[in-house]
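Listed below, chain by chain, are the residues.
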Amino acid sequence: MHSARRTKRWCILLLLLAPLTAQAAGEDAKAIVKAAIDYWRDVSSYTVADMTIRRPDWERSVSMRIWTRGEKESLVRVTAPAKDAGNGTLLIKKEMWSYNPKINRVIKIPSSLMTQNWMGSDFSNNDLAKADDLITQYTHKLLQTTRQDGHALYVIESTPLETAPVVWGREVVTVRDDYVVLGHDYYDQQGVLVKQLKTLELKPMGGKVVATQQRMQNMDKPGEWTDVTVIEARFGVSLPASMFTLSNLRNPRDG
């Protein structure tokens with residue numbers, strides 16, 4: 001009799017704890033994703049990188065410098081080749097502008113064009129602009145924890161809220177226990193894997209281990225991809241208030 005009562009009490013306790021445990025797991029998954037974003041961007045950052053766009057019949061490389069501050073401000077400036085040098089992209093919160101020195105015009109990118117490729121690469125305008133969307137517009141679930149090279153790897157499924165203005169049905173992010181992102185898979189509304197970001201190389205740089213080579217590839221085009229290789233990265237850098245402005249986008253004062 002007493003055993004039956006104890007069993008019943010345990011069942012009730014487990015039922016009460018189950019939602020709390022699920023909620024806690026979701027919060028942990030969200031915390032890991034946010035930590036990964038914060039790890040790369042830091043309070044501020046400066047990066048020098050090369051982007052190589054590979055197609056079956058041609059290949060093109062672009063050199064660029066990137067500045068970020070917090071989750072809502074980024075500036076990308078193309079430095080080479082000469083025909084593209086001076087092109088810039090500015091992000092402030094959820095708004096994006098581009099500058100083309102050949103026509104000396106700053107153009108605001110409308111929301112209808114955010115899914116278009118950036119600089120002809122496999123990265124979209126949205127990929128550049130959605131730094132904090134993965135935190136604010138998604139719920140998160142820890143799917144799996146594995147180990148690799150002495151590190152824990154967290155595989156996290158991010159599902160957009162019903163009201164989220166996003167194109168993906170879900171995203172799956174693989175984060176190492178030091179918050180380096182090793183992979184990011186993008187699925188459409190039917191659950192089909194559309195494109196994939198993979199980290200190909202890690203190196204110590206700027207006082208932390210960072211992904212120094214990443215590849216973005218559309219799954220229906222196996223012979224095409226875009227590689228981004230980081231040449232230099234510094235974090236916690238001092239940036240002037242004028243850095244993330246339309247004036248600086250048009251008339252660079254960032255050296």
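This text goes with the structure placed above it.
Residues numbered from 1 in each chain as written. Predicted model: local features only at pLDDT ≥ 70, side-chain atom pairs only at ≥ 80, totals over all residues. Heavy atoms only, no water.

Draft legend 1. Seen up close, the packing of aromatic side chains. Scanning all chains against the criterion turns up three aromatic pairs. The interplanar angle of 75 degrees and the centroid separation of 5.6 Å between the aromatic rings of Trp40 and Phe235 together place this pair among those described as edge-to-face. Within this pair, whereas Trp40 is found in helix α1 (residues 2-41), its partner Phe235 is found in strand β13 (residues 225-235), the two being separated by 195 residues in sequence. The buried category is assigned to Phe235, whose relative accessible area is 14%. Between Trp168 and Tyr186, the ring centres sit 5.2 Å apart and the planes meet at 50 degrees, which makes this aromatic pair tilted. Residue Trp168 is found in the loop between β8 (151-160) and β9 (170-176), and its partner Tyr186 is found in strand β10 (residues 181-187); the two are separated by 18 residues along the sequence. Residue Trp168 is classed as buried on the basis of its relative accessible area, which comes to 15%. Judged by its relative accessible area of 5%, Tyr186 is buried. The ring of Tyr39 carries Lys208 above its face, with NZ or CZ at 4.5 Å from the centroid. Stacked on the ring of Phe235, the Lys or Arg Lys208 has its end atom at 4.2 Å from the ring centre. (Phe/Tyr/Trp six-rings, centres within 6.5 Å; stacked < 30°, edge-to-face > 60°. Helix = DSSP H or I, 4+ residues; strand = E, 2+ residues; numbered from the N terminus. Buried < 20%, exposed > 50% of the residue type's maximum accessible area, 1.4 Å probe, protein only. Lys NZ or Arg CZ within 6 Å of the ring centre and 35° of its normal.)

Draft legend 2. Looking closely at unusual backbone geometry. Between Ala80 and the following residue, Pro81, the backbone shows a cis peptide bond with an omega angle of 5 degrees. In this structure, Pro81 sits in the loop between β3 (73-80) and β4 (88-92). Phi angles above zero are rare outside glycine, and Asp149 is one such case at about 55 degrees. Among the structural elements, Asp149 can be located in the loop between β7 (138-148) and β8. With relative accessibility at 68%, the residue Asp149 sits in the exposed group. If you check the backbone angles, Tyr179 has positive phi at about 75 degrees while not being a glycine. Within the secondary structure layout, Tyr179 lies in the loop between β9 and β10.

Draft legend 3. Representation of the side chain of Thr68 in the model. Along the chain, Thr68 turns up in strand β2 (residues 58-69). A distance of 2.5 Å separates a polar atom in the side chain of Thr68 from a polar atom in the side chain of Ser45. With sequence-adjacent residues up to four places away left out, Thr68 is seen in contact with Arg41, Ser44, Ser45, Glu73, Ser74, Leu239 and Phe244. (Polar contact = N/O pair within 3.5 Å; in protein donor to acceptor, adjacent residues only side chain to side chain. Contact = heavy atoms within 4.5 Å.)

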